[in-house]
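Below, each chain spelled out in residue letters.
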Amino acid sequence: MKLIAIDMDGTLFNSNHEITEGNLQAIKDAQAAGHIVMLCSGRPHDALNQFMDSEYGLTLPVAGSNGAITYTEGKTIHSVGMDMNLAAEIFDYLQGGAHPFKLYTNKGVFTIDSFLERAQKDFELLPPDATAGINVERFLEYLRSVGSQFFTQFSEISQQEGMEIFKFFVSTLIPAKKSVIENRLKTFQGLGFTSSHRNNVEIMSDLGHKGTGLAQMAKHYGIPMENTIAIGDNFNDVPMMEAAGLSIAMENAEEEVKALCDVVTKSNDEDGVAFAIREYVLEKN
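Before going into details, it helps to say that this report is about the structure given with it. (Residues numbered from 1 in each chain as written. Predicted model: local features only at pLDDT ≥ 70, side-chain atom pairs only at ≥ 80, totals over all residues. Heavy atoms only, no water.)

On to the overall build of the protein, then. Helices and strands together make up the secondary structure of the protein, namely twelve helices and 14 strands. Against the compact-globule benchmark of 19 Å for 285 residues, the protein has a radius of gyration of 19 Å, which places it among compact chains. Expressed as lengths along the three principal axes of its C-alpha atoms, the size of the protein is roughly 55 × 45 × 35 Å. A burial count over the protein gives 51% of its 285 residues as buried. In the protein, once contacts between residues fewer than 6 apart in sequence are set aside, the share between residues at least 24 apart is 62%. When the accessible surface of the protein is summed, it comes to about 12600 Å², and 47% of that surface belongs to carbon and sulfur atoms. (Helix = DSSP H or I, 4+ residues; strand = E, 2+ residues; numbered from the N terminus. Rg over C-alpha atoms; globule rule 2.2 N^0.38 Å. Buried < 20%, exposed > 50% of the residue type's maximum accessible area, 1.4 Å probe, protein only. Contact = heavy atoms within 4.5 Å. Areas by Shrake-Rupley, 256 points an atom, 1.4 Å probe, with all protein chains shown as cover.)

Time to look at unusual backbone geometry. For Asn66, which is not glycine, the phi torsion reads 60° and is therefore positive. Mapping Asn66 onto the fold places it in the loop between strand S3 (62-64) and strand S4 (69-72). By relative accessible area, which is 1% here, Asn66 ends up buried. Here Glu73, not a glycine, exhibits a phi torsion of approximately 55°, which is positive. With relative accessibility at 55%, the residue Glu73 sits in the exposed group.

On inspection of all chains with the given rule, the structure shows nine aromatic pairs. A ring pair is formed by Phe91 and Phe151, whose centres lie 6.0 Å apart and whose planes are at 40°; its orientation type is tilted. Residue Phe91 is located in helix H4 (residues 84-96), and its partner Phe151 is located in strand S8 (residues 149-151); the two are separated by 60 residues in the primary sequence. Each member of the pair, Phe91 as well as Phe151, carries the same accessibility label: buried. Both rings, one in Phe101 and one in Phe151, keep their centres 6.3 Å apart while their planes meet at 75°; by these two values the pair is edge-to-face. (Phe/Tyr/Trp six-rings, centres within 6.5 Å; stacked < 30°, edge-to-face > 60°.)

This is the structure:
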């Protein structure tokens, strides 16, 4: 039995943000052969579950918020929340810089109420060629709408009973701003940060990453780590690729990611996930 961890954006999703029939069938075939297929994504775990069930009729184990929460069989089996005092410091820093950001928590996604205005200002600072072909209004509304709960003060979140903060998601449309944020984050202890796209920074506990999510799911199902497979395309996938028995990069992956993986599959627009499953799992049986 293998445990196959698959990233979503840029990996299982094609450029149209869809899961193709080829990828879907390969997942079902792997399940039918007795393997466990899980999603390992920066997205919230509950949103992933609902989406996969409603759109594709699939129920899969999930490591959400970059592996900070691991969920299967209707329950959370492991979670790594941020230290609340540290989260408060991050909040103050992001507020001071007027950065557009969200919080991923065990009670849903919370978006800073001025998110749209802050992101709009960043767009206005970009040169025209950087926004060519982008529907700015649609893009901004997408960024804002991923979370439906809006807040102004950190206390609105921190004082909720049983609250766990898994991740800060920061939109960073301007490369220079991203560099400033990342350099500042390096000064915090107990913090990890990564990117799932060149236009964002994702901030978690240094123990809350996709490698943790993969390891916890493997432990739950009694699968040795040498029998795990990780498929991804970006920097937030690196911890699970380093932890997995076999690491597979998409052809469209960042070059640094491809360099550290064992093998490279086809791109996300060529059913790369399906190719990897059939080549390295099903054909090996």
